[in-house]
Amino acid sequence: MLRIYSSLSRTKEIFKPVEPGKVRMYVCGMTVYDFCHLGHARMLVSFDVIQRWLRTMGYQVSYVRNITDIDDKIIRRAVERNQRMHEVTEFYINAMHADEKALNVQSPDFEPRATQHVGDMLGIIKLLEDKGLAYQGSDGDVNYAVRQFPGYGKLSGKSLDDLRAGERVAVADGKRDPLDFVLWKAAKDSEPAESKWQSAYGMGRPGWHIECSAMSHALLGMPLDIHGGGPDLKFPHHENEIAQSEGAFGGQMANVWMHCGPLMVDSDKMSKSLGNFFTIRETLSVQASDDQAHYTSNPREAEMLRFFIVRNHYRSTQNYAPDNLYDAQQALDRLYQTLANVPPVAEAGINWNSEASQQFREAMNDDFNTAGAVAVLFDLANQINREKCAELSAELKALGGVLGLLQHEPQVYLRSSTRYLRDASAAASTLTDTEIDALVLERNEAKVNKNFARADEIRAHLRTEGIELEDKAGGLTQWRRA
């Protein structure tokens, strides 16, 4: 039985979807005004693994992850660059998709943009106004009357007296209470025309929180089986979503609320507001296209970054440090080396009755415990290395695939360069694959001719270039970049 920790109940619960066999999952996505950082990578990969496991378990999943393409930060970026708003958002949407591709993150089933659902947002605001939960202030903004909603604070666990206005909520003169948050922002003359919509409340644009209430309800209805997002969204964003959706439609917005843990840098959460973030693309060796949004990533480093995230439980606090990336690279390489040493037989799916697969399933069914599942992969790799069993090697590759790992051809993967195994002061190898192949051939010929001094000299030279050799039966020599 799948058990999921819900941020709402603060317990692990047996997962029971509203409709048997089907899962409706909504995850809050990106505000597209800049490149995605590693904290975003953790959210993207974590929920990608979750939806993959749900599908592996046989559920029919409707996975929605939205795009916020109207926001104060987007408007400021467009004004700074003297661009249209949609030009800014389209660039960063393409960049986000390039990041997802590099990290082997599967596309959601639906990827709605906020600007496509403004009518739905205005419809919810009207319902809230009719129920006395929304009012228009003297400044023209329409606000949510927080104290009129009895359940406010149930997700964050805070009382109304403890709560403060959230980071994106400006306390304006038109509010009746400083805790009230904006549903509709009155237009300003200085703002671009494309950021304004006509409404019964005058020209304006939606507040951030109402966007997700509208998109989730339009595409999935209520209650959602799972609603998820990053750790910083629990309050105020998700708390406000509950107030809006449940205030407008009644009932429960979502049965399970999921939040991945923070990615830390020196005890501080990685975030753009703190300026301590590293983008996904600068963490990988990439070759950007002419438009700088699309790029081709180094497959070894890209999978290392995914593995770095997956090897930790999604709710845990994870620390970013170069040493942790080096360790992740070495660990992932060991799994690929196993697949290279014992090539898998033709894949025939996963035998869920095997001991390793059962242990893997038990870990994943325990609140998507990827740390436990990865431990199973290493135990299986040790067994493969002892027994040289190609069937077990196929099982290792198949189970890795459930996590979005181990799907590259091992020799291609191991021959890819990486910055995350060498001493930081060491220069990267300048040798091409062709040059390495030629030196390996020369070494093998030297061994045949009993010129062992030259063979040792070539091995030593290659090692200084970060190239490791492994002699196999029958005179075959494999090499990899260390």
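All of these numbers come straight from a predicted model, not from anything done at the bench. (Residues numbered from 1 in each chain as written. Predicted model: local features only at pLDDT ≥ 70, side-chain atom pairs only at ≥ 80, totals over all residues. Heavy atoms only, no water.)

Engineer: Please clarify how helix H6 (residues 234-249) should be interpreted in this entry.
Structural biologist: Think of an α-helix as 3.6 residues a turn; residues three or four steps apart then line up on the same face. Along its 16 residues, H6 runs 21 Å from first to last C-alpha, staying within 8% of the 22 Å computed at 1.5 Å per residue. By the criterion of burial, H6 is predominantly enclosed, with 13 of the 16 residues buried. Directly after H6, the chain includes Gly250, whose backbone phi takes a positive value near 75°. (Helix = DSSP H or I, 4+ residues; strand = E, 2+ residues; numbered from the N terminus. Expected span 1.5 Å × (residues − 1). Buried < 20%, exposed > 50% of the residue type's maximum accessible area, 1.4 Å probe, protein only.)

Engineer: Explanation requested: helix H11 (residues 370-387) in the structure shown.
Structural biologist: Taking 1.5 Å of rise per residue, 18 residues should cover 26 Å, and H11 covers 25 Å from first to last C-alpha, within 8% of that figure. Those residues of H11 that fall on the buried side of the exposure criterion are Thr370, Ala373, Val374, Val376, Leu377, Phe378, Leu380, Ala381 and Ile384. Lys388 sits one or two positions beyond H11 and adopts a positive phi of about 55°.

Engineer: When you look at the environment of Met215 in this model, what are you seeing that I'm missing?
Structural biologist: Turning to its location among the elements, Met215 is positioned in helix H5 (residues 208-220). A residue is classified by how much of its surface remains accessible, and Met215, at 0% relative accessible area, is buried. Along the sequence, Met215 and Leu403 sit 188 residues apart, while their C-alpha atoms lie 28 Å from each other.

Engineer: Teacher, can you tell me more about the sheet that holds strand S3 (residues 22-31) here?
Structural biologist: Strand pairing in a sheet relies on backbone hydrogen bonds, with the paired strands running either antiparallel or parallel. Within the open sheet, the four strands sit side by side as S4-S3-S9-S10. Their pairing is parallel. Two strands close off the open sheet at either side, each with one partner strand: strand S4 (60-68) and strand S10 (254-259). The mean inter-strand angle of the sheet, taken between neighbouring strand axes irrespective of direction, is 20°. Here five bridges tie strand S9 (residues 224-229) to S10, and the two strands are oriented parallel to one another. Counterpart to Leu224 in the pairing with S10 is Ala254. Its contacts with the sheet place helix H1 (residues 38-56) against S3, S4, S9 and S10, and it is angled at close to 170° to S3. (Pairing = 2+ DSSP bridges. Axes fitted to C-alpha atoms, helices over the stretch in contact; angles between N-to-C directions. Contact = heavy atoms within 4.5 Å.)

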